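This is what each chain is made of:
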Amino acid sequence: MRTTNFAIPAKLWLILVFCLAVTGTAHGQILDAIKDALSGKAKQSKSGKSSETPEPNTAHEINPGPKNEFFTSNVSVSSYDFEKQARTESCFSKASLAMRSDWTDPRTDERQTAYTDSEGYFTALNKGEQRWEKTKLLAMEGMDMVGPSTMLSAYKLPVGPYWEAAKKYKEKGLKIGAFLHVGFAFIYKPEHFRTEHYTEKKVNCNGTERCTKFEINEDGYEGSYIMFDYLDKLAEINVVVKDNPQFGSGKGNIEYFYDRGCNFTIPAAVEMKMPGQDLFNMD
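Fair warning: this is a prediction, and the values are worked out from it, not measured in the lab.

## With respect to the packing of aromatic side chains
Here is step 1: In this structure the tally under the stated criterion is 18 aromatic pairs.
Here is step 2: Pairing tyrosine 188 with phenylalanine 193 gives two aromatic rings, centres 5.6 Å apart and planes at 55°, and the pair type is tilted. Phenylalanine 193 matches tyrosine 188 in its accessibility class, with the two residues each being buried.
Here is step 3: An aromatic cluster of at least three residues, connected via ring pairs, comprises Tyr162, Trp163, Phe184, Tyr188, Phe193, Tyr198, Phe214 and Phe228.
Here is step 4: The ring of tyrosine 225 is capped by lysine 213, whose NZ or CZ atom sits 4.5 Å from the centre of that ring.

Here is the structure:
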């Protein structure tokens, strides 16, 4: 066994955990890391390619029943990284059962676009090769849980409802964490927050007091809250962590929207096998 093959997946795993734990909503940074691993590192190993021909994405045709049962609508998510002063716009499409994400790479100031499908494939443009490439890295066992589980802790979200849903749908062959924080919109309801850990308030929403705000009752989290709209849909997660250096800027914000169009097609892409992918039985 060549331990060097393990380096890329292990390093990327650590990057995912670090970005989520330290900056909270650094979705763009996470996508940059995955894209680097795909188009930067994978192309160095030509023997890792599983195809030279771009293939259309057909993930939405696989196991559609449970996917349509869980993902019931379009959702647009806007996340802001206060430390990097950068915003990532993501759009989940129920029709394609996939997510498109747009962000600016802070290192180059270039706009980036990437796609994630319901089978865990990540698709991004390799400018050097002038083609779209995809990798099944996000389908690695447990990878779909890294981001959400870290965010549950960072944002002080109730863990019970999430893990119950994750277990239920895993038995049906669905990984609900493949789209990171998008899955929260299909799980959490106001009743999950009516515990001693939160203070419930009615706040202005569209000109009337129709939104429900749950302030987090924990030292160091003053000013942090989770909010639902007048239809009891998750609308915002806003966290301010005081005096905790592991959270970088100490601020994270995610907003959810359900009234925006979300139409796109994942480009046909060449599949790339990441170095070390075979170690995780991802053939």
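Having put the structure on the table, let's press on.
## Focus on the side chain of serine 224
Here is step 1: With respect to the helices and strands, the residue serine 224 is situated in the loop between β8 (208–216) and β9 (225–228).
Here is step 2: Among the polar contacts made by the side chain of serine 224, one reaches the main-chain carbonyl oxygen of tyrosine 221 at a distance of 2.9 Å.
Here is step 3: Dropping the residues within four chain positions of it, serine 224 is found in contact with Phe214, Glu215, Ile216, Asn238, Val239 and Val240.

## A word on the nonpolar core
Here is step 1: One finds Leu157, Ile176, Phe184, Tyr188, Ile226, Ile237 and Tyr256 to be the most contacted residues of the largest nonpolar core, which totals 38 residues.
Here is step 2: For this core, the secondary structure elements donating two or more residues are β1 (75–81), α4 (143–154), α5 (159–170), β8, β9, β10 (234–240) and β11 (251–257).
Here is step 3: Among the elements that line this core, the one with the most residues is α5, at four residues.
Here is step 4: Apart from residues no more than four positions distant in its own chain, tyrosine 256 is found in contact with Val75, Ser76, Val77, His181, Phe184, Ala185, Leu234, Ala235, Glu236 and Ile237.
Here is step 5: With six residues, the next largest nonpolar core counts Cys91, Ala98, Tyr115 and Phe264 among its residues.

## With respect to α5
Here is step 1: Spanning twelve residues, α5 covers 16 Å between terminal C-alpha atoms, matching the ideal 16 Å at 1.5 Å per step.
Here is step 2: Among all positions in α5, only Pro161, Tyr162, Ala165, Ala166 and Tyr169 are buried. The buried residues of α5 occupy an angular sector of 130° when projected down its axis, which confines them to one face. Exposed residues pointing more than 90 degrees away from the buried face of α5 are listed as Glu164, Lys167 and Lys170.

## Here's the deal with the sheet that holds strand β3 (residues 98–104)
Here is step 1: With mixed pairing, twelve strands are arranged side by side in an open sheet as β7-β8-β9-β10-β11-β1-β2-β3-β4-β5-β6-β12. A strand with exactly one partner marks an edge of an open sheet, and here the two such strands are β7 (198–205) and β12 (270–271).
Here is step 2: With two bridges joining them, strand β6 (residues 131–135) and β12 adopt parallel strand pairing. When the sheet's bridge partners are listed, glutamate 133 is paired in β12 with valine 270.

Conventions and cut-offs
- Residues numbered from 1 in each chain as written.
- Predicted model: local features only at pLDDT ≥ 70, side-chain atom pairs only at ≥ 80, totals over all residues.
- Heavy atoms only, no water.
- Phe/Tyr/Trp six-rings, centres within 6.5 Å; stacked < 30°, edge-to-face > 60°.
- Buried < 20%, exposed > 50% of the residue type's maximum accessible area, 1.4 Å probe, protein only.
- Lys NZ or Arg CZ within 6 Å of the ring centre and 35° of its normal.
- Helix = DSSP H or I, 4+ residues; strand = E, 2+ residues; numbered from the N terminus.
- Polar contact = N/O pair within 3.5 Å; in protein donor to acceptor, adjacent residues only side chain to side chain.
- Contact = heavy atoms within 4.5 Å.
- Core = buried A, V, L, I, M, F, W, Y, C linked by side-chain atoms within 4.5 Å.
- Expected span 1.5 Å × (residues − 1).
- Arc of directions from axis to C-beta.
- Pairing = 2+ DSSP bridges.

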